Amino acid sequence: MNGLTNNSILSLFEDREKNIWIGTDGVGVYKYSGDKFTTYSNQNGLVENYINTVAQDKQGNYWIGLRNHGLTKISGNQLTTYNPNFKTKNTLPDNNVNIILPSSTGQLFFGTSQGLSLYENEVFKTITGPQFQEKYILSLHEDAKHQIWIGTADGLFKYVNGAVTEVHQINKFKLPDV
């Protein structure tokens, strides 16, 4: 393929090799390497073509967050899909993966429409807290202190040392009630 066949772009990501990954709304994900496009779609291994997000872990694997079918990991030429298995505890909380954050410690965080998942040592763990149940995760960020900031449809939260807390103020400035 010589170019994009879909103009509806849901995500952009630049990997360590300076390739640009382009997640689309219905055609899969493109990897642009400066002179050519490589396409990953349901025609060559992806389970669906609606790509919310793309990230790269410390080992060089690519993680693709899908709208309806969880995650796909690309490791070399092998594609592995991770779907929620609601009969077990160690799974993604939802099929819709909105955002992926590879942390500086090597952990992976997956923000879904029904909560946050931590992937470590090949195991998924759903992150919960007293006021942090089934949140729609929209954004994730790791700061210089290795705290994970979580933007949700219901406000701002922080994950530190295994616990989630709601953030009401930053640096003594109270966040306004809306």
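Residues numbered from 1 in each chain as written. Predicted model: local features only at pLDDT ≥ 70, side-chain atom pairs only at ≥ 80, totals over all residues. Heavy atoms only, no water.

With that settled, the discussion passes to the overall build of the protein. When you go through the protein residue by residue, the secondary structure sums to 0 helices and 18 strands. Rg of the C-alpha trace for the protein: 17 Å, near the compact-globule value of 16 Å for 178 residues, within the 12% margin. Taking the principal axes of its C-alpha atoms as reference, the protein extends roughly 50 × 40 × 30 Å. Per-residue burial over the protein gives 46% buried out of 178 residues. Taking contacts inside the protein between residues at least 6 apart in sequence as the whole, the part at least 24 apart equals 34%. (Helix = DSSP H or I, 4+ residues; strand = E, 2+ residues; numbered from the N terminus. Rg over C-alpha atoms; globule rule 2.2 N^0.38 Å. Buried < 20%, exposed > 50% of the residue type's maximum accessible area, 1.4 Å probe, protein only. Contact = heavy atoms within 4.5 Å.)

Glancing now at the packing of aromatic side chains. Applying the stated criterion across every chain, the model contains 14 aromatic pairs. What links up through ring pairs into an aromatic cluster is the set Trp63, Tyr82, Phe110, Tyr119 and Phe124. (Phe/Tyr/Trp six-rings, centres within 6.5 Å; stacked < 30°, edge-to-face > 60°.)

Let us look at the sheet that holds strand 13 (residues 137–142). In spatial order, the strands read 13-14-15-16; together these 4 strands make up an open sheet with antiparallel pairing. Of all the strands in the sheet, just strand 13 and strand 16 (163–166) have a single pairing partner and so form its edges. Put simply, the sheet's adjacent strands are angled 25° from each other on average, direction ignored. Two elements, strand 15 (residues 155–160) and strand 16, share 4 bridges in a ladder whose sense is antiparallel. (Pairing = 2+ DSSP bridges. Axes fitted to C-alpha atoms, helices over the stretch in contact; angles between N-to-C directions.)

Let's shift gears to the sheet that holds strand 9 (residues 97–102). Taking strand neighbours across the sheet as the criterion, the 4 strands line up as 9-10-11-12 in an open arrangement whose pairing is antiparallel. Because the sheet does not close on itself, it has two edges, and the strands there are strand 9 and strand 12 (123–127). The mean angle between the axes of side-by-side strands here comes to 25°, regardless of whether they run parallel or antiparallel. Alignment of strand 9 against strand 10 (residues 108–112), held across 5 bridges, turns out to be antiparallel. Bridge pairing in strand 10 links Pro102 to Leu108.

Looking now at unusual backbone geometry. We note that Asn121 has phi near 55°; this positive angle belongs to a residue other than glycine. Relative to the elements of secondary structure, Asn121 occurs in the loop between strand 11 (115–120) and strand 12. The class for Asn121 is exposed, based on a relative accessible area of 69%. In the Ramachandran plot, His146 falls in the positive-phi region, its phi being about 65° despite a non-glycine side chain. Structurally, His146 is set in the loop between strand 13 and strand 14 (148–152). Here His146 falls in the partly exposed class, since its relative accessible area comes to 49%.

The topology assignment puts Ser75 in strand 7 (residues 71–75). The spacing of Ser75 and Gln59 is 16 residues in sequence and 9.0 Å in space, taken between C-alpha atoms. Within the structure, Ser75 has its side chain in polar contact with the side chain of Asn61 (distance 2.9 Å). (Polar contact = N/O pair within 3.5 Å; in protein donor to acceptor, adjacent residues only side chain to side chain.)

This structure, assessed with the given rule, holds 2 salt bridges. Taking the shortest distance from any N to any O, the salt bridge between Arg67 and Asp25 comes out at 2.6 Å. Linking Arg67 in the loop between strand 6 (62–66) and strand 7 with Asp25 in the loop between strand 2 (20–24) and strand 3 (29–32), this pair joins segments that are 42 residues apart in sequence. Note on Arg67: relative accessible area 29%, which makes it partly exposed. Judged by relative accessible area, Asp25 falls into the partly exposed class, the value being 26%. Asp154 is paired through a salt bridge with Lys135; the nearest N and O atoms lie 3.4 Å apart. With Asp154 in the loop between strand 14 and strand 15 and Lys135 in the loop between strand 12 and strand 13, the pair connects residues that are 19 residues apart, well separated along the chain. With relative accessibility at 14%, the residue Lys135 sits in the buried group. (Salt bridge = Lys/Arg side-chain N within 4 Å of Asp/Glu carboxyl O.)

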